[in-house]
Each structure stands twice: as C-alpha cells, then as structure tokens.
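Structural characterization, general
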Amino acid sequence: MTTTSPSPAVTPLAAAPLTAHDLTGKRRIAFASYVDENYLPGFLVLLRSLALSNPSVCEDFVVLYDDLRPGSIAKIRDLHPRIVLRRVDTEHYDSYKKGDQDNYLVRKAYFILDVFRLREYDTVITLDTDMVVLGDLGELLKLREGLAAVSQFFYGQHKLNSGLLVIQREYLSDEFCAKLDATGRSGDYELDKHDQGILNAVLDGDFVRLDPRYNFVKRRLSGDLPVPEDTAILHFTGRHKPWQGGEAGYSQAEDRWREFDLSDADFHAEYLSRPGGLHHDLLVHFGTPHVARTGDVEVARKVAAAHISAGDYQDAVDVMSSVRIPLDEAWPHEVFGHALMSVSRYDEARTQLLLATAAPNRAATAYARLAQMAWVHGDNSGALKYATSGMSVDITHRSSRLWAQRASAVPAQEQGSADDQLAHVAFYMDRQGNAGDKLLPESVRLAFGPDVTSRRWHQVHAHRLFDESALQRVNRRRGLVIGGGGLFIPDTMPNGNSAWQWNVPDDLLNGIDVPIAVFAVGFNAFDGQSYRAGRFRESLRLLVEKSSFFGLRNHGSIEKVRAMLPSHLHDKVRFQPCPTTVMRQLVTGWQDPAERDDTILINAAYDRAGLRFGHDYGYFLSQMAQAVRDLGKLAEVRCVAHSLDDEKIVFDLRREHGISMPVIPMYDFDNDEIRDLYARTKLVIGMRGHAGMIPFGVGTPIISLISHPKMAYFLRDIERPEWGVSVHDRHLAARLVERAGDLLADHAATVADVHGRQQELWKTTEANAADLRVILGG
C-alpha cells in the first residue's frame, strides 16, 4: 500500500512541549511534613487520621527527611499511595546563625523551610508529626492566595504558630527562599520551641489568619479539658508526646490521638467502613490488601468500581476474580460483569450480569449492560429485549431507555454501490446526545465532498464490535475513513480489543485491505487521566502502520501519540485540523450572517468534573456568577447546553448566587440549527472542545474555558492562546470580562481575525485533501 509524506504546508507550530498542568492551570496541591525516626510513630498516626477524617481527599504527601530507615519508609508508603520523598539539605543551614542545634524542635524549624523550595506545587499544606486531623480540611484545600496560618495562642496575633501552614505559589519561589536565607544568616530572629522564628521575622505579621481550630494546641486543654467538637487539627505541642507516654492533665486529648493508633488491618477496615465518597487512590490502596487478607466481597466490589471509574478495567477484573461471590449478591455480580465486558470478555460478563438481574435494586442496570453488549454485537432484537426488561423494572431508568432507542432505530437504507463508497468509522451520537459529537461525522464527510449521504458513505459505528462480517463490508468499499473526534480515549465505551473507542481486534484490523485514512482524531485524556494499558499502544502502533494517512486534530495530540510510537513511525503522524474548525469552507453555499444576535453564549461541561475542577468548583461557580453579571452589560448572556448535563451551571448559579440565564438546548438541535445558532451570536465562551471549534469554524469569536488540554492545544495551533482562560485562574471573572470586551469592542476586526486564523487551517486541510485524493481516489 502506498503512503505519502506530510506536506510542507503542515509544519507544526514551534513550541516547547507543555505538561497537561501547564495547559489547564489545574492547581497542584500537596501536604508536607518533616519526619525523623523519633517522630515516626506520630507521623504514622497523622497519616491515618488524615485519611479517616478526610476520606475523599488524597493529594501528594511530601516527606522531608534526613535519617529515615528503609523499613520506616515502607511503613509510610503503606499508609499513603502518593508519598513523595525529599531528603533535606542539612548542610544548607550550617551557615545560619542559630542556637541549640541539638534541640529537635529547632532542627525541625530549619528543615521544614525546605518546603519553600518545592516547585512542583501551587499549594502546600504543612502538618507537624505531633498533630492529628480530626475534621474536614476542605476549606484549607480551597485557599488560593497568601500564606495562611493560625496565630500563636500564647504570644498574640503578630506571630504564626508552627505546624500548620497553607503556602501558595508566590511563596514557593526563589525570591522568598532568598529572604529566608538572608534572615537565617543574619541571626536577626528569635528561634525557640514555640515558633517559626525565621519565617515570623520575614513575614512580620503579614499572613492570612486561620481559625484556631485548624491548629488547636494541646496547652489550651490544660486541666484535662475535652477537645472541642469543631477541632479540625489537634496539635500536641510541648515535650511530652502521646507515643512517648503522654503528659498528666491531657488524657482526653490523648484519647483522641489514640483513636488513630491502629494496626494496619484495623485501619483498613475503619477506612473502608467510612460513609460517603472514598477517594479512588485511598480505596484501592487500602482495599486491595484488605480483600487479599479477608476475601471481603463488598470491599472487593468497591475496589473494582473504583478501578472501573479510573479506566483500570483489568485491575477490576482481577480483584473480583480473587473473591467468591455468593449467588444472591447481585451488586458484586453486576460490577464484575461491567468489568468483564470492559475488557471484552463478553460471555463471562453475560453470566455475571444475568445473576445480577435477580435483585430488583440492581436489575435495571444489569439489563442495560446486557442490552449494551447485545447492541455491541449487532444483535438489535436482543438489545431491545434486555432494555425493555430494564424499563419494566424501572420505567425511569435512563440507560435502559437509551439502549431501547438505539436498538429500535431503523438504519438508513444504503443507496450507493459499494465501489463508490467510503466506509466511515465514527461515534454516531444518539438523539439528545452531545451536540458536538452529533455534528462531527457529517463534518468529516464534508471534508471529502458535499455528499454526506449513504450514496457515498457506509456507516461503521466505532462502538460496535468490528467482526468478520464488518470486515468484509469494509473491504468491499474503496477505502476506510476513521474520524473525527476524540476517539483516543479509554473510558467512553471501553473494550479490551483496542482499549480506545473503536472496538476492533488486531487480527481484523490487520485484515483490512483497502486504504485507511485516520482523519482529525484527537487524543482526549484529561489532566490526571492516563492510558495505562499496553493494549492501547499495540493497537495504536498497528493502526499507524496500516494507515495510508494518519492525521490528528492538534499538535498536542501529535506529541502524545508520537511518544507512544516507535521512532520510525513518527513521520506518519501529521496535522489535520478538526473539520468543524473550517466549517465555512465545507458547507456548500455558506453565507456569513448579515446581522448577529446581541448575545454571548456560555457553555460549561460536567463530565469527569473531578478532573476538570479539582477542589475549585465552588470558586469557579462564584467567578462565573460575577462574570455573568458583568458580561450582561455587554450583551444578553445565555447558556448553550451541548448535553443535558451542561445545564447544571444554570441550576447551580441560581441556587448558590441568585443568577438566572436562559438555556438553549442544543442537544435537541439538528446540524444545520447548531451551525446557524453559533454563526448568529457575537461571542461564545465554552468549556467543551466543540463549543470552541464549531463557533470558530462558522466565523464566531470564542473564549475557551480551559479545563482540558485539548482546548489549549487548539488555541496554540491557531496562535491565539490569549483566547483561553483556565477555570482555575485566580482572576477568572475579570479576565473573561476584559477579554470579552476586547473582542467585542471592534467585532468586525475580531471576526476578520477568526477568518484569517481559519484560513491557515484550511490551507492544511486542502494540502491533505490532495494527498487523500491520491490515496482514496476521487
């Protein structure tokens, strides 16, 4: 099969490789402590208390140390899945003018200063090893500015107390470290067991005051007073520590410490019994040894469900395979079935899911998964039967209703001859599905010609199993086009055959003997999401080898995919913009609107919200409330919902901030209506990828709310990174309003700039089209 080399017209934009964090601006948060052998028992209790008091929180924990033994490090790692070890630079502090160097508290006061030398994080929270966490630390995780601490109890508001610091990015800097070093060398500070002398001298009282409950010192409980109920962090200041025998007069406080002095088995059991949401990493870290030790089926189910939510499907299968599930335990059977179908062990999955249908509270979900599997295998009648059974159990069950609709849909009658058709692998969206994904298959086809009907195209749904009969149908066509959209993502419709969205086994992919063109596909992993399966890399490599054209829709995707391929395949990966970004050039007879509506459309996305927002959703919502108020002075602000879930921002703004916006249900629109609405508005502020690319493609100015790297990838490609603002930006509302004002101030010039940027993408598309005509013919 002949291949062509990339055209010179598609030379990538020169730019240094950026991490996902660089692109999204998502805050990186870490806890940190200085730990030595003497205080190791206290630190182990601190770790347990953090997990038990904040079971949904798991950030990196930086351990600063200089003398920990390997066995001690192993104990620490057993209690936290994200330990980062950093040896302190003890020699660095030799130049400091200081007092009693043998005093542990004095040495610790120096060594904890190493926390200010961390550069990987935006927020660092220090915790002393003689603390226990008793309450919710959510408010600390949401802090975004300054250096926050509790004022000293004994010495007044001017000095901060040691132990708990919440340090933001501006203090984790060379400049601030230089101030600390200069003060340390000058000796112009007081350092004793009560304070952070050097830090207090530098800050001179300039810090954010936290409520004392976040660093409640033991001395406040003298006389054996009880610990106040609202205490979040209890600090055992003084020389006598609970693990060393304690001190008279503080028995109630020390009882609280002993609540967390547990064996590993008791600690695991205690954590796993916590109500509410357990963090995926902690659940897996503590649940896996618990299941191995006890064979606990319910915990195995929780661990497997956590693996599934993270896309670790084989791990979910492994943990469920390790336990004996009683026949009448429906929920574990359902989760096991879900895991098995996600790795394409369909027959085994069917058995597990049928067992799960016996329980009314799990039956609807089990039937929906059975319907999904039947549909994947092309068995529409079987899918409809299972979906109907699911609705008979729960008439409101959304997933069962979806599969019933898919199974009962009448496929379009193909009109053309096979010789004249291209096969087209894509994700074909359901009615009321994501508007951007609904428009994509047609947009890809328009890039190959004006006829997007079955006269020229043979539809292959990416999510259906590509079997021998599908292979024969494709090989009768004159070529195969794969795209568009973010098909390289592991968890939208998981399968074990390819580990990306097209459910194609290697042997059948290898059996395709017509030219293959991968067209404008995206690598869609979120910041914090990764492809762990070697299966994906193997399938990807085979796909690139087989393809005559392999075009990805942004240079960020190109970088990611090339990193997974052997070097000899790198040059085959080229740039092909998403066809939605050049829509004006593709639609026959396109006319730009003579007038535009005086509107600004806002779109927000909520799939994988934890990966999008981290701890900052409340902040994002308050900033959007202010932005909507201020943008309303420029034009009417409306919410445009690509999917039903996108309407959440309207409900949350009304409930939390009293802000109302009309909603445009774009998920109900056909493709012409989608294009028309975006062409007639003045500005779109969107979080979904295609809430940026589609309006741009029809000539409308955009601002991207960046919560996913792909948004920044696109803006880099069009050389307009200033058209994006991170959802984590400290001044989100102000930046949105300022940039919106700039774009609207001379709207004609802004539209002309959009057209100019689009023209560059069109040149690339035209150059690729010339190569594709040679490859595919016609």
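Above this note sits the structure.
All of these numbers come straight from a predicted model, not from anything done at the bench.

What follows covers the nonpolar core. Membership of the largest hydrophobic core comes to 110 residues, with the highest contact counts inside it found for F488 and W502. The element contributing the most residues to this core is helix 25 (residues 617-631), with eight residues. Core analysis: the second largest hydrophobic core is formed by 101 residues, F260, F336, A374 and A387 among them.

Three- or four-residue spacings in an α-helix give side chains the same orientation, since the helix completes a turn every 3.6 residues. Helix length check: helix 31 (residues 747-776) (30 residues) gives 41 Å between terminal C-alpha atoms against 44 Å at 1.5 Å per residue, within 8%. Looking one or two residues past helix 31, G777 carries a phi angle of roughly 80 degrees, positive in sign.

Enumeration over the complete set of coordinates arrives at 47 salt bridges. We note a salt bridge from K682 to D598, for which the minimum N-O separation is 3.4 Å. Highlighted residues: K682 in the loop between helix 27 (671-680) and strand 21 (683-686) and D598 in the loop between helix 23 (583-586) and strand 18 (599-603), separated in sequence by 84 residues. Linking R675 and D672 is a salt bridge whose minimum nitrogen-to-oxygen distance equals 2.8 Å. Remark: D672 and R675 occur in helix 27; sequence separation between them is three residues, near one turn of the helix. On the basis of relative accessibility, which here comes to 4%, the residue R675 falls in the buried class. Linked through salt bridges whose partners overlap, the residues forming this network are D607, R608, R612, D646 and R688.

This paragraph deals with the pairing of strand 12 (residues 457-461). Burial runs high along strand 12: four of the five residues are buried. The sheet contact formed by strand 11 (residues 422-426) and strand 12 spans five bridges and is parallel. Looking across to strand 12, one finds that A423 is bridged to H458. Each parallel crossover has a hand, and for strand 11 linked through helix 18 (residues 435-446) to strand 12 it is right-handed.

Our next topic: the sheet that holds strand 20 (residues 663-665). What the six strands build is an open sheet, ordered 20-19-18-21-22-23; its pairing is parallel. With one partner strand each, in any of the chains shown, strand 20 and strand 23 (724-726) form the two edges of the open sheet. Strand after strand, the sheet turns through a mean of 25 degrees between neighbouring axes, direction not considered. Contacting strand 18, strand 19 (636-641), strand 21 and strand 22 (702-706), helix 25 crosses the sheet at an angle of about 170 degrees to strand 18.

Tallying each qualifying case throughout the model produces 24 aromatic pairs. Arranged with centres 5.1 Å apart and planes meeting at 70 degrees, the rings of F466 and W502 form a pair that is edge-to-face. Taken together, the residues F466 in the loop between strand 12 and helix 19 (468-475) and W502 in the loop between strand 14 (485-488) and helix 20 (506-510) connect sequence positions 36 residues apart. The exposure class assigned to W502 is buried, which follows from its relative accessible area of 0%. A ring pair is formed by Y617 and F620, whose centres lie 6.0 Å apart and whose planes are at 35 degrees; its orientation type is tilted. Here Y617 pairs with F620, and both are found in helix 25, just three residues apart, close to one helical turn. By relative accessible area, F620 is classed as buried at 0%. Three or more aromatic residues link up through ring pairs in this structure, and these residues are F466, F488, W500, W502, F536 and F550. Seen from the ring of Y250, K218 lies directly overhead, with NZ or CZ sitting 4.7 Å from the centre. In this structure, R301 is placed above the aromatic ring of W331, and the distance from its NZ or CZ to the ring centre is 3.6 Å.

Rules behind the numbers
- Residues numbered from 1 in each chain as written.
- Predicted model: local features only at pLDDT ≥ 70, side-chain atom pairs only at ≥ 80, totals over all residues.
- Heavy atoms only, no water.
- Core = buried A, V, L, I, M, F, W, Y, C linked by side-chain atoms within 4.5 Å.
- Buried < 20%, exposed > 50% of the residue type's maximum accessible area, 1.4 Å probe, protein only.
- Helix = DSSP H or I, 4+ residues; strand = E, 2+ residues; numbered from the N terminus.
- Expected span 1.5 Å × (residues − 1).
- Salt bridge = Lys/Arg side-chain N within 4 Å of Asp/Glu carboxyl O.
- Pairing = 2+ DSSP bridges.
- Right-handed = clockwise from strand over helix to strand, strands pointing away.
- Axes fitted to C-alpha atoms, helices over the stretch in contact; angles between N-to-C directions.
- Contact = heavy atoms within 4.5 Å.
- Phe/Tyr/Trp six-rings, centres within 6.5 Å; stacked < 30°, edge-to-face > 60°.
- Lys NZ or Arg CZ within 6 Å of the ring centre and 35° of its normal.

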